[in-house]
Amino acid sequence: MRVTLLGTGDTTGTPTVGCDCETCEAARDRGVERTRFSVHVENERTGESILVDASPDFRYQFLREDLSPPDAIVITHVHFDHLDGLGNVYRLLDDVDVYAPDETDPETGQSVAETVAADYHYLDTITVEPVSPFEPVSVGGLELRLVPVDHPPLLCYGLAIEDPETGSKLSLSGDTSYDVPERSREVLADPDLFLADAIVPASLSEYHPLGGRHEGPDGVPRTFGTKHMTREGALALADDLDATQTRLVHLAHFYPVDEAFEDPLAVDGEVYDLS
């Protein structure tokens, strides 16, 4: 299983448009970037590929990494930075299955699958495949399981992808606070590679109107506000899950410049071969 990090940034990306902060300037100087979140997963045995979340930067990401369009797409939730790239499949593919959770969201009155079908009703290319959380589904020779996480006010899902032939496993936290349900943690556990939402360092929680939550034994917030993990929260969750390797994603440009490009913070274009 080959995993390519297409987009490792949050909703504005790094560099952020019109921003001259030290972190954005350093990104420009180094020639690195964090576009909006998206991950490409290739089953090298079959040559098939899966796109996890459809970034608004879809076109640029695929051109930059010289990748062919995906054979299937998974959508974890309906925020624009994870969904709005779907329109890019127009004239690129004759058909593509889009896998999305089937639980009805009390906030929207629709499931993620229903929202995708409604928003992209004009694209004959797309076939929405509703998926029940925790239920395994075979896609491109890999086994996928979507699991609920905690990203209020909308329902959001993490994802485990396993290769039944090699036993390799990729887990993605999805956009979430540290308060991931225990049953979901069990599905995500023991990955070879864990991609964890870590929007900012915990030290910035004092600047959020709601502060931080889910403090660890050291008193450090593991959640920034209510929706995303801090760096410290993401690393704590990685330890909880016994991840072999962890890369932090969905990163904001608010990381101080002397921390912004240090391991395990990811940048676009990283590739991992799991076997």
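This one's a predicted model, so the numbers in the text were calculated from it and none came from an experiment.

What counts, and at which threshold
- Residues numbered from 1 in each chain as written.
- Predicted model: local features only at pLDDT ≥ 70, side-chain atom pairs only at ≥ 80, totals over all residues.
- Heavy atoms only, no water.
- Pairing = 2+ DSSP bridges.
- Helix = DSSP H or I, 4+ residues; strand = E, 2+ residues; numbered from the N terminus.
- Axes fitted to C-alpha atoms, helices over the stretch in contact; angles between N-to-C directions.
- Contact = heavy atoms within 4.5 Å.
- Buried < 20%, exposed > 50% of the residue type's maximum accessible area, 1.4 Å probe, protein only.
- Disulfide = S-S within 2.5 Å.
- Phe/Tyr/Trp six-rings, centres within 6.5 Å; stacked < 30°, edge-to-face > 60°.
- Lys NZ or Arg CZ within 6 Å of the ring centre and 35° of its normal.
- 1 Å grid on protein atoms, 1.4 Å probe; cavity = no way out; pocket = protein on both sides within 12 Å on 5 of 7 lines; lining within 4 Å.
- Points joined across faces, edges and corners; volume = space filled by probe spheres on them.
- Nonpolar A, V, L, I, M, F, W, Y, C, P; charged D, E, K, R; others polar.
- Arc of directions from axis to C-beta.

Engineer: Any chance you could break down the sheet that holds strand β4 (residues 72-74) for me, citing the residues and the numbers?
Structural biologist: Across the sheet, which stays open at both edges, the seven strands sit in the order β6-β5-β4-β3-β2-β1-β16 with mixed pairing between neighbours. Edge positions in the sheet fall to β6 (126-131) and β16 (271-273), since each has one partner strand and no second. Taken pair by pair, the neighbouring strands of this sheet meet at an average axis angle of 20 degrees, ignoring direction. Pairing geometry for strand β2 (residues 38-43) and strand β3 (residues 48-52), over five bridges, is antiparallel. Looking at β3, one finds that His-40 is bridged to Leu-51. Lying on the sheet, helix α2 (residues 58-65) is in contact with β1 (2-7), β2 and β3; it crosses β1 at an angle near 130 degrees.

Engineer: Help me get a handle on the sheet that holds strand β11 (residues 193-197), residues and values and all.
Structural biologist: Taken in spatial order, the six strands line up as β7-β8-β9-β10-β11-β15 in an open sheet, and their pairing is mixed. Taken across any chain shown, the strands that pair with only one partner, and hence form the sheet edges, are β7 (137-139) and β15 (246-249). Within the sheet, the average angular offset between the axes of one strand and its neighbour, ignoring direction, is 20 degrees. Inspection of the sheet shows strand β10 (residues 169-172) paired to β11 by three bridges, in the parallel sense. Within β11, the residue paired with Leu-172 across the bridge is Leu-195. Across the sheet, helix α6 (residues 231-241) touches β11 and β15, and the angle it forms with β11 is around 150 degrees.

Engineer: Describe unusual backbone geometry, naming the residues involved and giving the relevant values.
Structural biologist: Residues other than glycine predominantly adopt negative phi, and peptide bonds predominantly adopt the trans conformation. The omega torsion of the bond from Pro-152 to Pro-153 falls at 10 degrees, within 30 degrees of zero and hence cis. Note that Pro-153 resides in the loop between β8 (142-148) and β9 (157-162). Cis geometry is found at the peptide bond from Asp-263 to Pro-264, where omega equals 5 degrees. Along the polypeptide, Pro-264 turns up in the loop between β15 and β16. Positioned with a positive phi, Asp-53 is a non-glycine residue whose angle comes to about 70 degrees. Relative to the helices and strands, Asp-53 resides in the loop between β3 and α2. Positive phi outside glycine occurs at Phe-134, with the angle close to 80 degrees. Note on placement: Phe-134 falls in the loop between β6 and β7. Here Phe-134 falls in the buried class, since its relative accessible area comes to 15%.

Engineer: Describe the state of the cysteines, and please don't skip the residues or the numbers.
Structural biologist: The final tally for this structure, using the stated rule, is zero disulfides. Of all cysteine sulfurs, the one in Cys-21 lies closest to Cys-19, which takes part in no disulfide; the gap is 3.5 Å. Looking at Cys-19, the relative accessible area reads 15%, which means it is buried.

Engineer: Just give me the short version of the packing of aromatic side chains, but keep the residues and values in it.
Structural biologist: The description of an aromatic ring pair rests on the distance of the ring centres and on the angle between the ring planes. One pass over the structure, following the stated rule, counts two aromatic pairs. Seen in terms of ring centroids, Phe-58 and Phe-62 are 4.5 Å apart; in terms of plane orientation they differ by 20 degrees. Their pairing is stacked. With Phe-58 and Phe-62 both in helix α2, this residue pair falls four residues apart, about one helical turn. Given the relative accessible area of 6%, Phe-62 is considered buried. Summarising the aromatic geometry, the rings of Tyr-120 and Tyr-122 are spaced 6.0 Å apart at their centres and angled 40 degrees between planes, so their arrangement reads as tilted. Sitting over the ring of Phe-134, Arg-183 keeps its end group 3.8 Å from the ring centre. In this structure, Arg-222 packs its charged tip against the face of Tyr-178, placed 4.9 Å from the ring centre.

Engineer: An account of empty space enclosed by the protein is needed here, citing residue identities and associated values.
Structural biologist: Under the defined criterion, the tally for this structure stands at two cavities of 30 Å³ or more. Size it by volume and the largest cavity reaches roughly 70 Å³. Around the largest cavity, the lining residues are Phe-37, Asp-53, Thr-76, His-82, Leu-172, Ser-173, Gly-174, Asp-175, Leu-195, Asp-197, Val-249 and His-250. Here the residues of the lining of the largest cavity are counted per class, giving four nonpolar, five polar and three charged. Approximately 50 Å³ is the volume found for the second largest cavity. Along its surface, the second largest cavity is lined by His-77, Val-78, Asp-105, Thr-108, Gln-110, Ser-111, Val-112, Thr-115, Leu-154 and Leu-155.

Engineer: Which residues make up helix α4 (residues 112-119), and what values do they have?
Structural biologist: Looking only at α4, the buried set comprises Val-112, Ala-113, Thr-115 and Val-116. Along α4, the residues classed as buried sweep out an arc of 165 degrees about the axis, all on the same side. Looking at the buried positions of α4, the neighbouring elements they touch are α3 (80-83), β5 (96-101), β6 and β9.

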